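Structural characterization, general
Listed below are the residues making up each chain.
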Amino acid sequence: MGTILLATEKPFAAEAVEKIRTVVTGGGHQLALLENYTEKQQLLNAVADADALIVRSDIVDADVINAGNHLKIVVRAGAGYDNLDLKSASANNVVCMNTPGQNANAVAECAFGMMLFMARKQFSGSSGTELRGKNLGIVGYGNIGRYMAQIGRGFGMDVYAYKRNMDRLAMEIDGVTPASSFEDVFEHCQYISLHLPSTAETKGVINYHLLRLMPKGAMLVNTARVDVVNEDDLLKLMEERSDIQYVSDFIPKQESVFKEKFAKRIFYPAKKMGAQTEEANVNAGIAAAKQILDFLDKGIDTFRVN
Ligand code: 3PG
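**Digging into the sheet that holds strand β12 (residues 266-267)**
As summarised here, the arrangement of the seven strands in space is β8-β7-β6-β9-β10-β11-β12, forming an open sheet in which the pairing is parallel. At either margin of the open sheet sits one strand with a lone partner, and together these are β8 (177-178) and β12. Alignment of strand β11 (residues 245-248) against β12, held across two bridges, turns out to be parallel. Following the sheet pairing, Tyr246 is matched in β12 by Ile266.

Have a look at this one:
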């Protein structure tokens with residue numbers, strides 16, 4: 001019997017935790033729970049006895065990996081795994097996985113919720129604008145991008161998307177116009193939604209050169225990662241153009257500057273909220289637990305990322 005630690009600084013819905021427990025115990029293992037922790041030391045203590053670890057955006061750095069004396073696998077219950085130190089994991093023979101697609105719909109719905117909220121002037125009583133007839137530009141066309149396209153089309157938007165090495169035919173079948181470049185998206189879309197992973201390559205890739213191309217009244221929607229946008233460039237553009245809005249499902253790095261200067265043109269929640277639905281928690285949590293069981297019992301390592 002192994003111990004599977006579910007460590008979530010931002011907890012899953014209770015229903016998801018119970019379903020994860022059922023999968024884990026049904027597979028002959030036990031679930032250890034560390035929720036709402038505030039100190040890294042709590043995670044270091046908890047991981048010492050764990051054979052497997054499930055996390056969300058929790059930081060799994062070299063210290064955590066080294067503290068896991070019996071640790072064999074870490075699964076990031078979600079898409080982005082920039083919070084895992086893959087090098088340390090590999091050096092310690094710890095397998096890392098993610099659960100791609102499991103929370104994608106939640107993130108797409110969150111993006112649209114924020115878009116509507118801002119298009120309607122935060123439901124303040126003033127006249128807003130509609131999404132119908134506007135162009136939606138999707139930067140990165142993976143699981144979330146596809147849900148964005150479906151919802152956007154439902155709203156009557158014209159959907160454009162760009163992805164490196166894109167499958168144009170697949171996009172066209174989805175009713176999406178393949179864009180020729182990032183520039184093409186930024187120049188032609190009033191709503192631009194980012195769905196890029198955080199990598200060395202994408203750090204700051206949304207820069208002034210692109211941002212300045214946005215049409216009048218455009219909104220940048222970031223449910224990807226804080227560091228894909230060059231915030232200095234965004235602040236510069238928002239200073240120059242009073243028509244530009246920015247929404248994200250997490251706190252910007254320069255929060256106080258955004259708040260002080262552009263309070264009416266920005267929106268972000270107090271915690272990263274894109275994947276914070278019962279359904280996404282259940283889907284990602286169960287997928288993570290099953291992937292761990294498959295790995296521990298049968299050596300199956302689909303979705304391995306290191
Ligand atoms: C992801 O990468 O899956 C999303 O950003 C969700 O992150 P969270 O699990 O920390 O909410």
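**Remarks on the domain arrangement of the protein chain**
Per the domain assignment, the segments making up the protein chain are domain 1 (3-102 + 276-298) and domain 2 (104-267). Taking only C-alpha atoms into account, the centre of domain 1 sits 30 Å from that of domain 2. The interface is formed by eight residues belonging to domain 1 together with five residues belonging to domain 2. Contact between domain 1 and domain 2 buries roughly 480 Å² in total, counting both sides, with carbon and sulfur atoms accounting for 47%. Area buried by domain 1 at its contact with domain 2 is led by Asp82, Gly101 and Thr277, which between them contribute 64% of it. Here domain 1 is connected to domain 2 by one salt bridge. A salt bridge links Arg225 to Asp82, with the shortest nitrogen-to-oxygen separation between them at 3.1 Å. Summed over the shared surface of domain 1 and domain 2, the result is two residue pairs in polar contact (both at pLDDT 80 or more).

Calculation rules
Each chain has its residues counted from 1, following the order in which its sequence is written. Owing to the predicted nature of the model, reporting of local features is limited to residues with pLDDT of at least 70; listing and counting of side-chain atom pairs is limited to 80 or more, with chain, interface and lining totals taken over all residues. Heavy atoms throughout the structure, all of them, feed into the side-chain values; hydrogens and water do not. Strand pairing follows a simple DSSP-based rule, namely that at least 2 bridges must link the two strands. Helix numbers and strand numbers start at the N terminus; a helix is a DSSP run of H or I with at least 4 residues, a strand a run of E with at least 2. The domain limits used here are those given by an automatic or database domain assignment. Every residue pair with non-hydrogen atoms within 4.5 Å of one another is taken to be in contact. Simply put, the buried area is the total loss of 1.4 Å probe accessible area from both parts when two parts are fitted together. One speaks of a salt bridge when a side-chain nitrogen belonging to Lys or Arg is within 4 Å of a carboxyl oxygen belonging to Asp or Glu. Throughout this description, a polar contact denotes any pair of N or O atoms lying within 3.5 Å of each other; where both atoms belong to protein, one of them has to be capable of donating a hydrogen while the other can accept it, and for residues adjacent in sequence the pair is counted only when both atoms sit in side chains.

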